[in-house]
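# Residue-level structure breakdown
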Amino acid sequence: MERLQEDLKSRKISPQEAQEQYQNLIGKEYDKIPAQGFKLPPDIRQALENGLDYKQLSGKVDPNTYNFLEQAYWYGDWNHGKIKK
């Protein structure tokens, strides 16, 4: 992913090529997600089940925490079968 960003910034690839490569990367990662979703830590699972809206934390928590919560929401086992892709 970082190489892709660097190639785009240095104009080694076009925006269209970057988009295609990004979609390929995301597709490979998505294929690794188990059918029942990733197992989440109990506290994160409970927070999501109780209505935690990760989007409200944008800019209030560090980017890694935000990204983790976003992935937990979309790909976690707490409601994986209910989310429409």
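Before reading further, recall that the structure is shown in the block above.
Residues numbered from 1 in each chain as written. Predicted model: local features only at pLDDT ≥ 70, side-chain atom pairs only at ≥ 80, totals over all residues. Heavy atoms only, no water.

### Considering the overall build of the protein chain
The line we're drawing: Labels follow the DSSP assignment, with helices taken as runs of H or I lasting at least four residues and strands as runs of E lasting at least two, numbered in each case from the N terminus. To be clear on the numbers: accessible area is Shrake-Rupley with a 1.4 Å probe, and residue cover counts the displayed protein chains and nothing else.
Each helix and strand in the protein chain was counted, giving 4 helices and 0 strands. The order of α-helices and β-strands along the protein chain, N terminus first, is α-α-α-α. Total accessible area on the protein chain stands at roughly 6,800 Å², and carbon and sulfur atoms take up 50% of it.

### A short note on helix α4 (residues 63–75)
To be explicit about the condition: Each helix should span, by expectation, one fewer than its residue count multiplied by 1.5 Å. For each residue, the accessible area found with a 1.4 Å probe, counting protein chains only, is set against the maximum for its type, and the residue is called buried under 20%, exposed over 50%, and partly exposed in between. This arc is taken over the directions from the axis of the helix to the C-beta atoms.
For α4, built from 13 residues, the straight-helix expectation of 18 Å at 1.5 Å per residue is met to within 8% by its first-to-last C-alpha distance of 18 Å. Taken together, the buried positions of α4 are occupied by Tyr-66, Leu-69 and Ala-72. Considered in projection along α4, the buried side chains sweep an arc of 125° and stay on one side of the axis. Exposed residues lying more than 90 degrees from the buried face of α4 are Pro-63 and Asn-64.

### Remarks on unusual backbone geometry
Residue Arg-11 is not a glycine yet carries a positive backbone phi of 65°. When you line up the elements, Arg-11 lands in the loop between α1 (2–9) and α2 (15–31).

### A look at the packing of aromatic side chains
Put simply, the rule is: Between 30 and 60 degrees the pair is tilted, below 30 it is stacked and above 60 it is edge-to-face, where a pair is any two Phe, Tyr or Trp rings, Trp via its six-membered ring, whose centres lie within 6.5 Å.
The tally for this structure, following the rule as stated, stands at 4 aromatic pairs. For the ring pair Tyr-54 and Tyr-73, a centre distance of 5.4 Å and an interplane angle of 45° mean the geometry is tilted. Here the residue Tyr-54 occupies a position in the loop between α3 (42–49) and α4, and Tyr-73 occupies one in helix α4, the gap between them amounting to 19 residues. Here Tyr-54 falls in the buried class, since its relative accessible area comes to 3%.

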